[in-house]
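# Overview (structure and organization)
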Amino acid sequence: MKITRLHGFKDMFHPETQRLRSVEDTVRKVFERFGFSEVIIPVLELSETYSTGLGDTTDIVQKEMYTFETKGGEWVSMRPEGTAGVVRAYIEHSLHRKSPVTKLYYSGEMFRHEKPQEGRQRCFNQIGAELFGSRDPLADSEIIAMLWLAVTELGLSEHVELELNSIGKPAERELYKKALLEFLSQKKDSLCENCRNRLTTNPLRVLDCKTDTCVELTSGIPFSIRDYLSEQSNGHLDALLRSLEEKSIPHRLNPRIVRGLDYYTDTVFELTTDKLGSQNAVAAGGRYDLLVGRMGGPETPAVGFAMGLERILLLLEKTGTRRNSPGKKQLVCIIHIGDEAREKAANIADDLRRKGMRVETEYENKSLKSQMRKANRTGAAYSVIIGEDELRGKVFSLRNMKTGEEKTIPLEKLAALGGHGDFRKLL
Ligand code: HAM
């Protein structure tokens, strides 16, 4: 029986792995410029980390978590996102005592049992950032500026749009929800089945439903959440918008952005694109001033976001955005003829690798032609050729694979090569 991977899970190989790591690296460097440091949190947490953190009625907690009972009788879940785990760690290690403001970032796999489609897997990678300890709209603005700089450095800023909204504090939101419920209940029959259910769980989510009839219906809502926000919440949003203007970060206020997680207060935002079909958010986040308190820590305001790395890769591909791949070291192939040379080649390869060079050689005896073919196929810059004659004469042949230039050189010169392995000088 052939064992296959799980549905919605993906294996990734070179060069995609390299692309993913390079994107991650670019974003990581941007985060570090803003003073964020890395936190590594477990992939598995007690299920209550997420049910308390994300909210019992959210789609993630109700339908999408990989949850199971351990042999020790604990209910645990694979992380569906990073924020709740980072908050748990922030509280558990009393990080608020160490510094008034804490800036953390993380990256890794998240697990959600959703229906797989393009841009949506059951296991995907996020890189995310969380800033704890500031209520100031300038903190929201800094987080958004960091996201914007990251997509700019990825070469994608032209292909994405920053959409933001405020969903206020829970009490303000409740008033808005009530008005929304009244409005939508009258037109219940025009809603999709999912949204009809949402009327009882979270009517706000009807606003981000993509079904045509729901979009049409919600377009006609004669009031907006801003009508229900307190002066303080409206002021927060205005200050954020002003700051984004001053930083020349393009953005659009979109009252439909409500987010699917329960922890948000005030600012919410999504970085969307029209190039990925319905899975159009490449990053998303917002403020969550009540979450640390709700999870048992001291009241601590916070704001953050996470970026979906596979969606960024898809967007790079769809838009043909070329990124300078970090220059890979040039490859050297050690080609050997005969048993003695084969062992010598293994030792030379080991020596050159210790010096920092990228080296390939065959384990088995193969013809010169076949080894040459492989050197060409793998894009080797140089070949070091050792046969019986060379061994006897304590020399090797060095071949520039591009120009075909070849020269016989004493073996000791190979041993004396520096870390940069400048073969050009030998030819
Ligand atoms: P989220 O909107 O659930 O937010 O996910 C953030 C990003 O992860 C999405 O915009 C998308 O790019 C990517 N993503 C989500 N689900 C999938 C999937 N099934 N397949 C591929 N990519 C996916 C959060 O996770 C929050 N923790 C963000 C946050 C951090 N808010 C505050 N701090």
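Residues numbered from 1 in each chain as written. Predicted model: local features only at pLDDT ≥ 70, side-chain atom pairs only at ≥ 80, totals over all residues. Heavy atoms only, no water.

Our next topic: the pattern of salt bridges. A full pass over the atoms with the stated rule returns 34 salt bridges. With a shortest N-O distance of 4.0 Å, Asp59 and Arg198 are connected by a salt bridge. Taken as a pair, Asp59 in helix H3 (residues 59-64) and Arg198 in helix H8 (residues 193-201) lie far apart in primary sequence, 139 residues in all. With its nearest N and O atoms 3.5 Å apart, the salt bridge here joins Arg120 to Glu114. Just as Arg120 is buried, Glu114 falls in that class too. One salt-bridge network, in which partners are shared between bridges, spans Asp59, Lys63, Arg198, Arg205 and Asp208. (Salt bridge = Lys/Arg side-chain N within 4 Å of Asp/Glu carboxyl O. Helix = DSSP H or I, 4+ residues; strand = E, 2+ residues; numbered from the N terminus. Buried < 20%, exposed > 50% of the residue type's maximum accessible area, 1.4 Å probe, protein only.)

With that out of the way, let us pick up the nonpolar core. With 51 residues, the main nonpolar core has Leu54, Val87, Phe132, Leu180, Leu184 and Leu191 as its most contacted residues. Residues contacting Leu184, with those up to four places away along its chain left out, are Leu191, Leu199, Pro203, Val206, Leu217 and Thr218. Among the nonpolar cores identified, the runner-up in size contains 44 residues, and Phe31, Leu241, Val282 and Leu314 belong to it. (Core = buried A, V, L, I, M, F, W, Y, C linked by side-chain atoms within 4.5 Å. Contact = heavy atoms within 4.5 Å.)

As a further point, take the domain arrangement of the protein chain. Here the protein chain is partitioned into domain 1 (16-169 + 230-319), domain 2 (171-225) and domain 3 (331-426). Taking only C-alpha atoms, the centre of domain 1 and the centre of domain 2 are 25 Å apart. Contacts between the two partners involve 18 residues from domain 1, matched on the other side by 15 residues from domain 2. Carbon and sulfur atoms supply 42% of the area buried between domain 1 and domain 2, which totals about 1400 Å² over both sides. The largest share of the area that domain 1 buries against domain 2 comes from Lys169, Arg256 and Val258, three residues that together contribute 42% of it. Remark: the boundary between domain 1 and domain 2 carries two salt bridges. A salt bridge links Arg205 to Asp59; its shortest N-O distance comes to 3.9 Å. Remark: the boundary between domain 1 and domain 2 carries twelve residue pairs in polar contact (both at pLDDT 80 or more). Contributions of two or more residues to the side of domain 1 that touches domain 2 are made by H3 and strand S7 (161-166). By residue class, the composition of the side of domain 1 that touches domain 2 is four nonpolar, eight polar and six charged. (Domains from an automatic or database assignment. Buried area = accessible area lost by both parts, 1.4 Å probe. Polar contact = N/O pair within 3.5 Å; in protein donor to acceptor, adjacent residues only side chain to side chain. Nonpolar A, V, L, I, M, F, W, Y, C, P; charged D, E, K, R; others polar.)

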